[in-house]
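# Summary of structural features
Single-letter residue listing:
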Amino acid sequence: MKKVLFIIPPYFNADDYLNKSRAAVLPAFTVPYGILSLQSYLNANCKSPVDLQLLDLNVTLQRLVDECFAGDYMEFFRREIIERLREFSPHFAGVSALFNSSNRYIQDIVKVCKDHDPEVITLAGGGLPSAAYKLMLEACPELDAICKGEGELPLRELLDADDPMQVIRAHKSWIGREGLAAKKVPEHTFIDDLDDIPPFGYEGINLDFYNNRSIDKQYAGKPKREMAIHTSRGCPFLCVFCSNPSLHGRKVRTMSIERVIADVRRMKEQFGMTVLLLEDDHFFNDKERAKQILRELAALGIRVEFPNGVAVYAIDDEVAELFSRAGVSAVALAVESGSDHVLNNIIRKPLKKRLIRPAVEALRKFNVRSHVFIVIGLPGEQDEHRDETMQMLLDSGFDWVHVYLAMPIFGSRLYDICVENGYIENTNSQDFVATKSVIRAPGIDPVKLEAFAYEMQIRVNFVDNHNMKIGRYDVPMDYLKNVVTKYPDHAFGHYFLSKCYRHTGDVTLADEHLDRFLDICARDTWWNAMAEKYGVHFAATRAPSAAIGHSLEAALN
């Protein structure tokens, strides 16, 4: 029996979350969908039995954050890996990673595996190794081979072989050191029909660890079971910041509608799923298929979200109504910019700004909440384009806005552009996350850009929140409660939550959060400056007695 240990490195820089001087909250991480797919396919298709186990270090990192761990977290990771290696004694140790931020961990993980057992064959796959195979093999002497793109078929051949190293040398999707020296260029081996992958087994993971990706905050804190599905692979577009083509290619391959519904029904009945996260890269590539899936989901009595971003041009009244009937409560819209120049000439996205507001209005008509993803800091983008984006956000009426900084992911056109022009100022791969700017290009100052991104969210989600302006205080209240729960010292979260409570008649909670706002501003100069800059004052929310008023006014000044 061949034994494989899959190891998933942290998606994030642990230093950003284990430093007690910062009140950082670890972002939700997703179920290891790719590994579950591999396990399902290999268990069903390998010639001989295989034993597959999973170690997700994101779960470990979450535990360390929860415990306010202050020691050497890398040593903690090493001990956990060694313990699993001793218990399991795998023949193969495979590391799966999507983004640049995992690069440092991969080097350490494969070294731990080889130091423990020099005979173990160390492998890597996923978006990052697929795109950066040359750099990774050169930087990781303990890494034996990398799989290009999807791994189901290549890994099956590897596990079935009497001589795995011969497969690595000969198979088009595997590349090791010999292939690198011979200038081999690895190629994809895709599964054309996704129905060929059997339904997943979830026995090796605790689903409770992957239960926080839901974006609709009206359900925050309420019991739920989130589970994800990818009903297709591939995307025909070449958005500048996306590395998807290097992993799944540009041809869209799909599950049958019957298989999709069967899997979702099984998730509900066998695993208690209540929230389905549809995570396709381009769900509306075939609009008629997408609409039929929504019609079928309507009969299952579950809630549905699209957390990865949906094509704006696909949304009209018919689709919005189908969303509502299918239990879709929130949709993230893949807008990325409010400038047609940036959309069409820099991102190369088939979207016109004029389509955005009608899509938002269609969703609102059928009570589906709209989130939006914005990416700023792309080479070629200027202040005027960011100003256009700000105005678009203020005009469109989204329920919540997520602003990210452009990240040059290995395998994306953006990475190639940045390398060719010397735009990457910060080469620490752990800082390649969407909350940090590592690009310095004409018109882009990383420090100023990070401040602009944060203030953009302050403007559209708090100061000029659309729903508050039209008197719909129940919607922002859900999101603001989530903000102050995760970030207790977020002054504007408390202030605008106080405003929502005031307008919905809960004076006690309004005063409580207003006092929290005043206390934060009194001791935090940055928040005090923000309050002054945006004209946020206690008097706008409460009309206190003269004596209390003087006291509160003093706290703000």
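Scroll up for the structure.
Given the structure is predicted, the values throughout are model-derived calculations rather than measurements. (Residues numbered from 1 in each chain as written. Predicted model: local features only at pLDDT ≥ 70, side-chain atom pairs only at ≥ 80, totals over all residues. Heavy atoms only, no water.)

## Structural notes on unusual backbone geometry
Heads up, the condition is: Numbering of helices and strands runs from the N terminus, with a helix taken as a DSSP run of H or I at least four residues long and a strand as a DSSP run of E at least two residues long. Partly exposed residues are those whose accessible area sits between 20% and 50% of the maximum for their type, while under 20% is buried and over 50% is exposed, using a 1.4 Å probe and protein chains only.
Backbone geometry places lysine 183, a non-glycine residue, at a positive phi of 65°. Along the chain, lysine 183 turns up in the loop between α9 (177–181) and β7 (226–229). Among the residues examined, lysine 183 registers a relative accessible area of 72% and is labelled exposed. With a phi angle near 60°, asparagine 367 is a residue other than glycine that sits in the positive phi range. Within the secondary structure, asparagine 367 is located in the loop between α15 (356–365) and β13 (369–376). Exposure remark for asparagine 367: the relative accessible area of 61% places this residue in the exposed category.

## Concerning the pattern of salt bridges
Which entries qualify depends on this criterion: Within this document, salt bridges are pairs made up of a side-chain nitrogen of Lys or Arg and a carboxyl oxygen of Asp or Glu, the two lying within 4 Å of each other.
A full pass over the atoms with the stated rule returns 37 salt bridges. Note that glutamate 336 and lysine 349 form a salt bridge whose closest N and O atoms lie 2.8 Å from each other. Note that glutamate 336 is positioned in strand β12 (residues 328–336) and lysine 349 in the loop between α14 (340–347) and α15, a separation of 13 residues in sequence. For glutamate 336, a relative accessible area of 6% gives the class buried. When the shortest N-O distance is used, the salt bridge between glutamate 381 and arginine 386 registers 2.6 Å. For glutamate 381, a relative accessible area of 0% puts it in the buried group. Relative accessible area serves as the criterion here: at 3%, arginine 386 is assigned to the buried category.

## Re helix α17 (residues 413–421)
Rules: Note on definitions: a residue-residue contact is assigned when non-hydrogen atoms from the two residues lie within 4.5 Å.
Arg413, Leu414, Tyr415 and Cys418 are the residues of α17 that are buried. Looking at the buried residues of α17, the elements they touch are α6 (133–139) and α14. One or two positions beyond α17, positive phi appears at glycine 422, with a value near 65°.

## Here's the deal with the sheet that holds strand β1 (residues 2–8)
Worth spelling out the cut-off: Here, any two strands with at least 2 DSSP bridges between them count as paired. Here the axes come from fitting lines to C-alpha atoms, over the contacting stretch only for helices, and the angles between their N-to-C directions go from 0 to 180 degrees.
Read across the sheet, 6 strands follow the order β2-β1-β3-β4-β5-β6 without closing on themselves; strand pairing throughout is mixed. Looking at strand neighbours, the two that pair on one side only are β2 (50–56) and β6 (174–176), the edges of this open sheet. The mean inter-strand angle of the sheet, taken between neighbouring strand axes irrespective of direction, is 25°. Pairing analysis gives 3 bridges linking strand β5 (residues 145–147) to β6, with the strands arranged antiparallel. What sits directly across from alanine 145, in β6, is glycine 176. On the sheet, helix α1 (residues 33–45) packs against β1, β2 and β3 (92–96) and is oriented at approximately 175° with respect to β2.

## Notes on the packing of helix α20 (residues 474–486) against helix α21 (residues 491–503)
To be explicit about the condition: Note on convention: near helix rotated counterclockwise from far helix by under a right angle means a left-handed crossing. Clockwise means right-handed. Residues are grouped as follows: Ala, Val, Leu, Ile, Met, Phe, Trp, Tyr, Cys and Pro are nonpolar; Asp, Glu, Lys and Arg are charged; all remaining types, including Gly, are polar.
Contact geometry of α20 with α21 gives a least axis separation of 9 Å together with a crossing angle of 145°. Our pair here, α20 against α21, has a crossing hand that is left-handed. Side by side, α20 and α21 meet where Pro476, Met477, Leu480, Lys481, Val483 and Val484 of the first sit next to Gly493, His494, Phe496, Leu497, Cys500 and Tyr501 of the second. Of the residues that constitute the contact of α20 with α21, the class distribution is 9 nonpolar, 2 polar and 1 charged.

## A short note on the layout of surface pockets
Threshold: Think of a 1 Å grid over the protein atoms and nothing else: a 1.4 Å probe that fits but is trapped marks a cavity, an open set flanked by protein within 12 Å on at least five of seven lines marks a pocket, and residues with an atom within 4 Å of a point count as lining. Grid points are joined across faces, edges and corners, and a volume is the space filled by probe spheres set on the points.
The volume enclosed by the second largest pocket comes to roughly 270 Å³. Lining the second largest pocket are 15 residues, with Leu54, Leu55, Asp56, Val59 and Arg84 sitting closest to its centre. For the lining of the second largest pocket, the secondary structure elements donating two or more residues are β2, α2 (57–66) and α3 (73–88). Considering every element that reaches the lining of the second largest pocket, the biggest residue donor is α3, with 4 residues. Across the lining of the second largest pocket, the residue classes tally to 6 nonpolar, 3 polar and 6 charged.

## Considerations on the sheet that holds β7
Pairing within the open sheet is parallel, and its 6 strands lie in the order β7-β10-β11-β12-β13-β14. Looking at the sheet topology across the chains shown, the edges are occupied by β7 and β14 (400–405). When the angles between neighbouring strand axes are averaged without regard to direction, this sheet yields 20°. Bridge analysis of β7 against strand β10 (residues 275–278) gives 4 bridges, and the strand direction is parallel. Across the sheet, residue glutamate 226 finds its bridge partner in β10, namely valine 275. Packed on one face of the sheet, helix α18 (residues 446–463) meets β13 and β14 and runs near 175° to β14.

## Quick notes on the side chain of arginine 84
Here is the rule: Working convention for charge: Lys and Arg count positive, Asp and Glu count negative, and His plus the chain ends are omitted.
Relative to the assigned elements, arginine 84 resides in helix α3. Buried and unpaired, arginine 84 has no salt bridge, with glutamate 87 as the nearest side chain of opposite charge at 4.3 Å. When near neighbours in sequence (up to four residues on either side) are disregarded, arginine 84 contacts Leu5, Gln53, Leu54, Leu55 and Ser89.

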